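Read off the chains here:
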Amino acid sequence: MSQVLHTPPPTTSAPAAGEDDLAALAARHGLSVSGARPSLPDYVRQLWARRHFIGAFATAKLTAQYSQAKLGQVWQVMTPLLNAAVYYFIFGVLMNTKRGVEDYVPFLVTGVFVWTFTQSSIMAGTRAISGNLGLVRALHFPRAALPVSFCLQQLQQLMFSMAALVVILLAFGVPPAASWVLAVPALVLQFVFNAGVSLVMARVGSKIPDMAQLMPFLLRTWMYGSGVMFSIHHMTGPDSGLPSWVGPLLQVNPAVVYIDLMRFALIDSFGGGMLPDHVWAMAVGWALVAGIGGFIYFWKAEETYGRG
């Protein structure tokens, strides 16, 4: 009787755990991916929890900035004043941009101080990640804390400059006025705008280190179109010979918006007629667009900073 031989089925090893199984196992034991980007609400909460670090870091950087100089912290006031003196000689005297501008020295110094706040914040933000890789790679914290702290440092620097500005205003016959209070909301909106742009440039600068070398040229070009040394209201008037659309276009410039608001708040002769229409709405709009948009743009690359 013949026997039918049946080939036994091939033996198979136990299936390896798939990615879904590993993810479930990690979740069951409270494990998470190292360096993973948190959700946006969690990121905001983490950043707020480190607000004391942000403030202390900004103050420490400001204190150390001139620690090697013999005049020390005096340079916090002297640097913007010397810049204003150079601009006054070149633009006010040689190019005569002071013609037709009342209280030109307070006008110029206010513009220089406010512009320097934006310029320095963006420059510091551009290097915030690329210039602090040791800190970024060694410690776990929301990376947005770095550009925000650098903006806060520049705001603290501006406070020293504003003290000098008050002395200049009084010395040139500009009386104190209730409108000076408007400088506070103007500075808050400018800080939000600066922080947003700094966050954008921090992400760009972390990927393109050469951006830090290019930024001074871009910022200088921006400055020349921002009415720091001249009055856009006078330069683009009916007798200027420029097309009628140039003035409104320049006045939409966010740097112009914040500079003009500070001049309006502090200088009595800089009346509301020199401000663009809906200037406060534009100031709020620029702050929200730059602040919220810049924060989200930076957060989206959170897990990539310090790698590569």
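Residues numbered from 1 in each chain as written. Predicted model: local features only at pLDDT ≥ 70, side-chain atom pairs only at ≥ 80, totals over all residues. Heavy atoms only, no water.

As annotated in an unreviewed UniProt entry, the chain is Transport permease protein from Streptomyces viridiviolaceus. Quoted straight from UniProt, the Sequence similarities (unreviewed entry) entry for the chain says "Belongs to the ABC-2 integral membrane protein family." (UniProt positions renumbered as here; feature names shortened; annotations may be inferred.)

As for the nonpolar core
Among soluble globular proteins, nonpolar side chains are generally buried collectively. Core analysis: the biggest nonpolar cluster contains 57 residues, and M229, M262 and L266 have the highest contact counts within it. Put simply, the parts of the chain that give this core at least two residues each are α4 (75-94), α5 (104-126), α7 (145-171), α8 (183-207), α9 (211-224), α12 (254-266) and α13 (279-299). With eleven residues, the single largest contributor to this core is α5. Non-local contacts of M229, meaning those with residues more than four positions away in its chain, are made with Y87, F91, T97, Y104, L108, M223 and Y224. Listed in part, the 21 residues of the second largest apolar core include L47, A124, I129 and A144. (Core = buried A, V, L, I, M, F, W, Y, C linked by side-chain atoms within 4.5 Å. Buried < 20%, exposed > 50% of the residue type's maximum accessible area, 1.4 Å probe, protein only. Helix = DSSP H or I, 4+ residues; strand = E, 2+ residues; numbered from the N terminus. Contact = heavy atoms within 4.5 Å.)

Brief notes about a nonpolar patch on the surface
On the surface, V86, F89, I90, V93, L94 and M95 cluster together into a nonpolar patch covering about 570 Å² of accessible area. Assignment of secondary structure puts F89 in helix α4. (Patch = residues over 30% accessible without salt bridge, like charges linked within 9 Å, V, L, I, M, F, W, Y side chains within 5 Å. Areas by Shrake-Rupley, 256 points an atom, 1.4 Å probe, with all protein chains shown as cover. Salt bridge = Lys/Arg side-chain N within 4 Å of Asp/Glu carboxyl O.)

With respect to α7
In this model α7 runs 39 Å from its N-terminal to its C-terminal C-alpha over 27 residues, within 8% of the 39 Å that 1.5 Å per residue would give. Backbone geometry just after α7 places G173 at a positive phi near 80°. (Expected span 1.5 Å × (residues − 1).)

Details of the pattern of salt bridges
Opposite charge on two side chains permits them to pair, given that their charged atoms come into close proximity. Summed over all chains, the structure comprises two salt bridges. For D42, the salt bridge identified is with R45, shortest N-O distance 2.2 Å. Taken as a pair, D42 and R45 lie in helix α2 (residues 40-49) at a separation of three residues, close to a single helical turn. Judged by relative accessible area, R45 falls into the exposed class, the value being 52%. Among the ionic pairs, R263 bridges to D260, the shortest N-O distance being 4.0 Å. Placement of both R263 and D260 in helix α12 is noted, with a separation of three residues, approximately one turn of the helix.

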